[in-house]
Amino acid sequence: MVTVLLSVQQKYILDTLRKLGCVRADQLHALVRGKFQHQNFEISETRMAAMLRQLRSGLIDFHMEGSFVYLARDQPNAARLEAIDIMLELSEGAPQDFTVKVDTPRLLRFALDREKLKLFSVAMLSHVSEPQQLQRERSERIVWISDIGTPPEGLTLPPKHFFAARQADGSHRFYGSNGP
């Protein structure tokens, strides 16, 4: 048995993969860079690539395939990958915490800690008949996405619900509800 000594950053990478499953390398890089940005430790593309190569050569269940990074049997999930993109956009790459262990139609839940903790969930519109029926926590904001990337005709959202429309460049335009 070989003992693998991991850096703090590599431990964070593994923890992130355990939480999110399969991610794109650019998403993982953004999360690692965001996590360690205040510690005077720059996570350059070269440094990130070296850490990933070390993990791949030292851990049997660590995989890199094309642009995807994952552990064991995790596979790409387009909706979850989009939810991660939204989390990265809204948190500027530095969410306070995140989890995918959520109830359907939610895909991902994350927290932002700026001046006040804010909770967000990204949910799939095709998994519910009426977005108004989704129960949310008092401080939670729901960001809806759809398979086609655009809101269905006539979509009406309750307060603190938003729709994230996918743009051609991969970013999102957010449309909010009217109300408190």
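Quick notes on the rules
- Residues numbered from 1 in each chain as written.
- Predicted model: local features only at pLDDT ≥ 70, side-chain atom pairs only at ≥ 80, totals over all residues.
- Heavy atoms only, no water.
- Helix = DSSP H or I, 4+ residues; strand = E, 2+ residues; numbered from the N terminus.
- Contact = heavy atoms within 4.5 Å.
- Salt bridge = Lys/Arg side-chain N within 4 Å of Asp/Glu carboxyl O.
- Buried < 20%, exposed > 50% of the residue type's maximum accessible area, 1.4 Å probe, protein only.
- Pairing = 2+ DSSP bridges.
- Axes fitted to C-alpha atoms, helices over the stretch in contact; angles between N-to-C directions.
- Parallel < 35°, antiparallel > 145°, perpendicular 65-115°, else oblique.
- Left-handed = near helix turned anticlockwise from the far one by under 90°.
- Nonpolar A, V, L, I, M, F, W, Y, C, P; charged D, E, K, R; others polar.

J.: Could you clarify how one ought to interpret the environment of valine 122 in this entry?
T.: With respect to the element layout, valine 122 can be found in strand 6 (residues 117–124). Considering only alpha carbons, one finds valine 122 and leucine 107, 15 residues apart in sequence, at a separation of 5.7 Å. Aside from chain neighbours lying at most four places away, what touches valine 122 is Ala83, Ile86, Pro105, Arg106, Leu107, Leu108, Phe110, Val143 and Ile145.

J.: Hey, could you run me through the pattern of salt bridges in this one?
T.: Should the charged atoms of two oppositely charged side chains come close, the side chains can pair. Applying the stated criterion across every chain, the model contains seven salt bridges. Measuring nitrogen to oxygen at the nearest pair gives 3.0 Å for the salt bridge that ties arginine 24 to aspartate 26. By relative accessible area, arginine 24 is classed as partly exposed at 21%. Judged by its relative accessible area of 46%, aspartate 26 falls in the partly exposed class. Between arginine 109 and glutamate 140 there is a salt bridge whose closest N-O contact spans 2.9 Å. Pair noted here: arginine 109 is in strand 5 (residues 106–113) and glutamate 140 is in strand 7 (residues 140–145), with a separation of 31 residues, a long-range link. Judged by its relative accessible area of 0%, glutamate 140 is buried.

J.: For this particular structure, what's the right way to read the sheet that holds strand 7?
T.: The pairing of strands in a sheet happens through backbone hydrogen bonds and is either parallel or antiparallel. Ordered by their spatial adjacency, six strands build an open sheet running 4-5-6-7-8-9, and the pairing between neighbours is mixed. Only two strands of the sheet have a single partner each, and these edge strands are strand 4 (97–99) and strand 9 (172–176). Across this sheet, the average inter-strand angle for adjacent strands is 25°, counted without regard to direction. Relative to strand 9, strand 8 (residues 161–166) runs antiparallel, the two being bridged by five bridges. Each residue of the ladder has a partner; that of alanine 164, found in strand 9, is phenylalanine 174. Where helix 1 (residues 8–20) meets the sheet, it contacts strand 4 and strand 5, and its direction lies at approximately 40° from that of strand 4.

J.: Looking at this structure, I do not really get the packing of helix 2 (residues 25–35) against helix 4 (residues 78–91). What am I missing?
T.: At a closest axis distance of 11 Å, the pairing of helix 2 and helix 4 adopts a crossing angle of 30°. Classified by the angle between their axes, helix 2 and helix 4 sit roughly parallel to one another. In this structure, the crossing between helix 2 and helix 4 has a hand that is left-handed. Contacts between helix 2 and helix 4 involve Gln27, Ala30 and Leu31 from the former and Leu81, Ile84, Asp85, Met87 and Leu88 from the latter. Taken together, the residues of the contact of helix 2 with helix 4 sort by class into six nonpolar, one polar and one charged.

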